[in-house]
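Listed below are the residues making up each chain.
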Amino acid sequence: MIVLGIETSCDETGVALYDSERGLLSDLLHSQIDLHRDYGGVVPELASRDHIRKLAPMIRQAIRDSGLTQNDIDGIAYTAGPGLIGALLVGAATARGLAWAWRIPAVAVHHMEGHLLAPMLEPEPPKFPFVALLISGGHTQLVEVEDIGRYRILGESLDDAAGEAFDKTAKMLGLSYPGGPKLSALAECGHAHFNFPRPMTDRPGLDFSFSGLKTFALNTLQASERSEQNKADIALAFQQAVADTLTIKCRRALQQTGLKTLVVAGGVSANTQIRSSLRAMAAGEKAAIYFPRPEFCTDNGAMIAYAGCQRLLAGQQEPLAIMAKPRWPISELTAAGSHTAHSQITPAASE
Ligand code: KG4
Ligand code: ZN
C-alpha cells in the first residue's frame, strides 16, 4: 500500500510517500524558521498562509521524486491534531480534497502517534510492547504502548513541555527561535559548575514539571556575571538537568512496567546529551532503546505517512468530513482497525 503523508500542524510543511512493501519513496520538508524568526516564535496566521503556499507544489514534487503517478497512491494520511487550527486545516482540507478527487481513502493521524511510530521507519524497528518517551515542543509524556493505538499514559508534564522549556530558556539566554537546538550547541562550550534541580524526582510517580528550571536558569543568570561563558555554563546545567530528569523517570517507567524496550521520539529526542544519558541508563537496565534518525525526531511527513498506512492497512474507515482537532489527547485513540477509532471525536473542524 502506498500512502501520501501530509504534516502541517505547526511551522513545518512535511510531505512523504511511504510504501508498505518498499519503505519510504520520497520525503520533503519545508521549515518556516526564517518566516517566524523576527517574531521570536510561531505566528499562527503566517504559518497557515505559508502551508497554503508550499503544500500543493511539495505534493507534486514528492510524487515526481518517487517516480510514481497519482494513480499509484492508495491512501492519504494527514495530521488532524493536536496543533494550530489554521495550520491543521490546510493539511486536512488538502488531504480530503485530493482523496475525493482521486477516489481513495484519507485518514486523520494524531501528530504524537506519528512521532511515537517514527522509529518504525528505521531498518531495525522496535517491537511492541514498549515504553515511549515523547518529548516535543508541546508534549512530554511517558506512554505504555501495547500496540498501535493502544496507549496508556504513565506520566506527563504538569506545566511546560521539555521542548517549550528549552525554547523559553534559550530565549532568556538571548538565543533566537527556535531555541532548543541553539541552546544545545551553546551547552557544548559550557563548563559544569552550576547545579540545577531535577524536578519531581524526589517523589514517586512519572509526571514532569519543567517550568521551575526556566526560572532557576533566570535567577542563576541574574545572580552571575553576564558573560558568554556563564551563559554557556547555564545552558549546560539546564540541559543536564533535563537529561537527568528524563532519564530518572524513564528508568522508573521501565522498572514499573517490567518492559525492556524504550522508544524515544519527538523534537527534543534529537538532543545528543539526552540521547546518550538515556542510552547509558538503558544499558544499565539491560533494555533496548530506539530513537528515530535525527531528521525524523522533529516534525516530518514520513511519520504521518507511516502511521496512516498502518491504520489504513488495518482497515480503518472514517467519515468524509475534514477533521482538525487543535487539542486531542493521545489517550483518546483506539486500536488500529477497531473501526471505532475517532468515534468519540466530532468529525469536524473545531476550536
Ligand atoms: O516534535 P517537534 O518538531 O514539534 C512539536 O511537535 O512540538 O519538536 C520541536 C521542539 C522545539 O521545542 C525544539 O526546540 C526542540 O523540539 N528541539 C530540541 C532539539 N531539536 C529540536 N531541543 C533540544 N535539543 C535539540 N537538539
Ligand atoms: Zn511534533
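Predicted model only: the values in this text are computed from it and were never measured.

Concerning the sheet that holds strand β2 (residues 12–19)
Two modes of strand pairing occur in sheets, parallel and antiparallel, and in both the strands are linked by backbone hydrogen bonds.
So, point 1. The strand order across the open sheet built from five strands is β3-β2-β1-β4-β5, with neighbouring strands paired in mixed fashion. The open sheet has two edge strands with one neighbour each: β3 (23–31) and β5 (106–110). Neighbour-to-neighbour, the strand axes of this sheet turn through a mean angle of 20°, independent of strand direction.
So, point 2. When strand β4 (residues 75–81) meets β5, the two strands line up parallel, connected through five bridges.

Comments concerning the packing of helix α7 (residues 211–223) against helix α8 (residues 228–257)
So, point 1. As a packed pair, α7 and α8 sit with axes 10 Å apart at the nearest point and diverge in direction by 160°. The pairing of α7 with α8 is recorded here as roughly antiparallel in orientation. Where α7 crosses over α8, the two elements pack in a sense that is right-handed. From α7, L213, A217, T220 and L221 reach across to α8, where they touch K231, I234, F238, A241 and V242.
So, point 2. Grouping the amino acids of the contact of α7 with α8 by side-chain chemistry returns seven nonpolar, one polar and one charged.

Thoughts on the environment of G284
So, point 1. Among the structural elements, G284 can be located in helix α9 (residues 272–284).
So, point 2. Judged by relative accessible area, G284 falls into the exposed class, the value being 58%.
So, point 3. With 33 residues separating them in the primary sequence, G284 and R251 have C-alpha atoms 9.4 Å apart.

Things to note about the domain arrangement of the chain
Interfaces are often sized by the amount of accessible area the parts lose when they come together.
So, point 1. In terms of domains, the chain is made up of domain 1 (2–116 + 297–350) and domain 2 (128–291).
So, point 2. Measuring from the centre of the C-alpha atoms in domain 1 to the corresponding centre in domain 2 gives 27 Å.
So, point 3. Between domain 1 and domain 2, the contact holds 22 residues from the first and 23 residues from the second.
So, point 4. Here domain 1 meets domain 2 over a buried area of about 1800 Å², counting both sides, of which 72% is carbon and sulfur.
So, point 5. The largest contributions to the domain 1 side of the interface with domain 2 come from M112, L116 and C297, which together make up 36% of the buried area.
So, point 6. At the junction of domain 1 with domain 2, the criterion picks out zero salt bridges.
So, point 7. Between domain 1 and domain 2 we count five residue pairs in polar contact (both at pLDDT 80 or more) in total.
So, point 8. Secondary-structure elements contributing two or more residues to the side of domain 1 that touches domain 2 are α1 (33–36), α4 (111–117) and α10 (301–313).
So, point 9. Examining the composition of the side of domain 1 that touches domain 2, we find that four residues originate from one element, α4, more than from any other.
So, point 10. A class-by-class count of the residues in the side of domain 1 that touches domain 2 yields 10 nonpolar, eight polar and four charged.

Things to note about the packing of aromatic side chains
So, point 1. A complete count under the given rule lists five aromatic pairs for this structure.
So, point 2. With centroids separated by 5.1 Å and ring planes inclined at 85°, the aromatic side chains of F166 and F238 adopt a geometry described as edge-to-face. Taken as a pair, F166 in helix α5 (residues 162–172) and F238 in helix α8 lie far apart in primary sequence, 72 residues in all.
So, point 3. For F166, a relative accessible area of 3% corresponds to the buried category.
So, point 4. Among the residues examined, F238 registers a relative accessible area of 0% and is labelled buried.

Notes on the pattern of salt bridges
So, point 1. Scanning the entire structure with this criterion turns up 17 salt bridges.
So, point 2. Among the ionic pairs, R96 bridges to E318, the shortest N-O distance being 3.9 Å. A residue pair is termed long-range when its members are at least 10 positions apart, and R96 in helix α3 (residues 85–102) and E318 in the segment after α10 qualify at 222 residues. Grouping residues by exposure puts R96 and E318 together as buried.
So, point 3. In this structure, K231 engages E228 in a salt bridge whose closest nitrogen and oxygen atoms are separated by 3.9 Å.

Re the packing of α5 against helix α6 (residues 179–187)
To characterise two packed helices, one gives the angle between the axes of the helices and the distance between these axes.
So, point 1. Taken N-terminus to C-terminus, the directions of α5 and α6 make an angle of 65°; their axes are 7 Å apart at the nearest point. Considering the angle they form, α5 stands roughly perpendicular to α6. Considering how the two elements wind past one another, α5 and α6 form a crossing that is left-handed. Counting all contacts with α5, which are made through F166, D167, T169 and A170, the residues of α6 involved are G179, G180 and L183.

A few points about the state of the cysteines
So, point 1. Under the definition given, this model contains zero disulfides.
So, point 2. You can see C250 has no disulfide; the closest cysteine sulfur is in C297, sitting 14 Å from it.
So, point 3. Using a relative accessible area of 0% as the deciding quantity, one classes C250 as buried.

Examining the site of ligand 1
So, point 1. Among the 18 residues in the neighbourhood of ligand 1, the closest are listed as H111, H115, G137, D167 and G267.
So, point 2. Separating an oxygen atom of ligand 1 from a side-chain N or O atom of H111 is a distance of 3.1 Å.
So, point 3. With respect to ligand 1, the backbone of G138 contributes an N or O atom lying 3.5 Å from an oxygen atom.
So, point 4. Surface burial for ligand 1 is 86%, taken as the share of its 550 Å² of free accessible area covered by protein chains.
So, point 5. In terms of residue count, α5 provides more of the shell around ligand 1 than any other element does, three residues in total.
So, point 6. The residue makeup of the shell around ligand 1, split by class, is five nonpolar, 11 polar and two charged.
So, point 7. A domain-level breakdown of the shell around ligand 1 finds at least three residues from each of domain 1 (2–116 + 297–350) and domain 2 (128–291).

About the thresholds
- Residues numbered from 1 in each chain as written.
- Chains lettered and ligands numbered in written order.
- Predicted model: local features only at pLDDT ≥ 70, side-chain atom pairs only at ≥ 80, totals over all residues.
- Heavy atoms only, no water.
- Pairing = 2+ DSSP bridges.
- Helix = DSSP H or I, 4+ residues; strand = E, 2+ residues; numbered from the N terminus.
- Axes fitted to C-alpha atoms, helices over the stretch in contact; angles between N-to-C directions.
- Parallel < 35°, antiparallel > 145°, perpendicular 65-115°, else oblique.
- Left-handed = near helix turned anticlockwise from the far one by under 90°.
- Contact = heavy atoms within 4.5 Å.
- Nonpolar A, V, L, I, M, F, W, Y, C, P; charged D, E, K, R; others polar.
- Buried < 20%, exposed > 50% of the residue type's maximum accessible area, 1.4 Å probe, protein only.
- Domains from an automatic or database assignment.
- Buried area = accessible area lost by both parts, 1.4 Å probe.
- Salt bridge = Lys/Arg side-chain N within 4 Å of Asp/Glu carboxyl O.
- Polar contact = N/O pair within 3.5 Å; in protein donor to acceptor, adjacent residues only side chain to side chain.
- Phe/Tyr/Trp six-rings, centres within 6.5 Å; stacked < 30°, edge-to-face > 60°.
- Disulfide = S-S within 2.5 Å.
- Near = heavy atom within 4 Å.
- Areas by Shrake-Rupley, 256 points an atom, 1.4 Å probe, with all protein chains shown as cover.

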